[in-house]
Amino acid sequence: MNKNNITQEINSKNLIQSSTLLNSITNQYTPFFGTLLGLHRDGDVIEGDDDVDYLAPSELYGDIKQLFLDNGYTLTQFDVSDVFTQFKTTIDSVEVLIDFYYYIDYNEDYVIDKWNFFGQYYNTSKWMAIPKPYLFDFKPIQYKGTSISMASDPESICKYLYGERYSEPLSKKTQYDMTIVNNMPKIIYKNEK
């Protein structure tokens, strides 16, 4: 797959198409990671982002998988039951990706995303805790005429995931790195020259 062919317009169509499918079975999801960042910060998917990211409860893993397969999507090699699924499809002759991160209920304050930035679901020290008040209750927003379920506090999620400078467009790996410390995301900004 050539990431350079995925324009903002194509990824926007990806978000609309996948959200429309999701809405047919649930409203218990939210765009997440870069998709949530773009929607909150810019009101659109981020230019140069190559996929759509969602966070959903692990109980929906089977239903979501079946829904997308029944609608012509295919799985990539990344499909870990109740943890993470990556689908691909074609939009405007370009292959696009949809990533599902599935959370589990941890305690009264947090849910856990076992896959997150690292894909090390087998390593409990890399699991990411997400504060429940940032997520629940999901609320509908309108995006280009499509209803999309959204976390209750996207501002707090953006700060939690990307730090205080989340409102600045920065390039991952060149301007910042991510890590997990005590099951919380930590951003490390790189010196800019």
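Right, let's walk through the structure included here. (Residues numbered from 1 in each chain as written. Predicted model: local features only at pLDDT ≥ 70, side-chain atom pairs only at ≥ 80, totals over all residues. Heavy atoms only, no water.)

### Here's the deal with the nonpolar core
Consideration 1: Membership of the largest hydrophobic core comes to 53 residues, with the highest contact counts inside it found for Phe32, Ile64, Phe68, Phe100 and Leu135.
Consideration 2: Contact partners of phenylalanine 68, with chain neighbours within four places excluded, come to Ser18, Leu21, Leu22, Tyr73, Phe87 and Phe100.
Consideration 3: Of all hydrophobic cores here, the second largest spans five residues; its members include Ile6, Ile10, Val94 and Val96. (Core = buried A, V, L, I, M, F, W, Y, C linked by side-chain atoms within 4.5 Å. Buried < 20%, exposed > 50% of the residue type's maximum accessible area, 1.4 Å probe, protein only. Contact = heavy atoms within 4.5 Å.)

### A word on helix H2 (residues 33–42)
Consideration 1: Burial runs high along H2: eight of the 10 residues are buried.
Consideration 2: Positive backbone phi, at 75°, marks glycine 43, one or two positions downstream of H2. (Helix = DSSP H or I, 4+ residues; strand = E, 2+ residues; numbered from the N terminus.)

### Focus: the packing of aromatic side chains
Consideration 1: The final tally for this structure, using the stated rule, is 22 aromatic pairs.
Consideration 2: Ring geometry for phenylalanine 33 against tyrosine 101: centres 4.7 Å apart, planes inclined by 70°, an arrangement best described as edge-to-face. Note that phenylalanine 33 is positioned in helix H2 and tyrosine 101 in strand S5 (residues 94–105), a separation of 68 residues in sequence.
Consideration 3: Classification of phenylalanine 33 as buried rests on a relative accessible area of 5%.
Consideration 4: Linked through ring pairs, Phe32, Phe33, Phe78, Phe84, Tyr101, Trp115, Phe117, Phe118, Tyr121 and Tyr122 together constitute an aromatic cluster. (Phe/Tyr/Trp six-rings, centres within 6.5 Å; stacked < 30°, edge-to-face > 60°.)

### Points about the packing of helix H1 (residues 8–23) against helix H3 (residues 61–70)
Consideration 1: Where H1 contacts H3, the axes come no closer than 10 Å and their chain directions differ by 125°. Considered as vectors, H1 and H3 are oriented oblique to each other. Read as a crossing pair, H1 and H3 show a hand that is right-handed. Contact residues: H1 offers Ser18, Leu21 and Leu22, while H3 offers Ile64, Leu67 and Phe68.
Consideration 2: Across the contact of H1 with H3, the residue classes tally to five nonpolar, one polar and no charged. (Axes fitted to C-alpha atoms, helices over the stretch in contact; angles between N-to-C directions. Parallel < 35°, antiparallel > 145°, perpendicular 65-115°, else oblique. Left-handed = near helix turned anticlockwise from the far one by under 90°. Nonpolar A, V, L, I, M, F, W, Y, C, P; charged D, E, K, R; others polar.)

### A short note on unusual backbone geometry
Consideration 1: In this structure, aspartate 137 follows phenylalanine 136 across a cis peptide bond, with omega equal to -5°.
Consideration 2: Position of aspartate 137 among the secondary structure elements: in the loop between helix H4 (132–135) and strand S8 (139–143).
Consideration 3: Even without a glycine there, the phi angle at aspartate 92 is positive, about 50°.
Consideration 4: Examined against the element boundaries, aspartate 92 turns out to sit in the loop between strand S4 (84–91) and S5.
Consideration 5: Phi is positive for asparagine 182, which is not a glycine, with a value near 55°.
Consideration 6: For asparagine 182, a relative accessible area of 67% corresponds to the exposed category.

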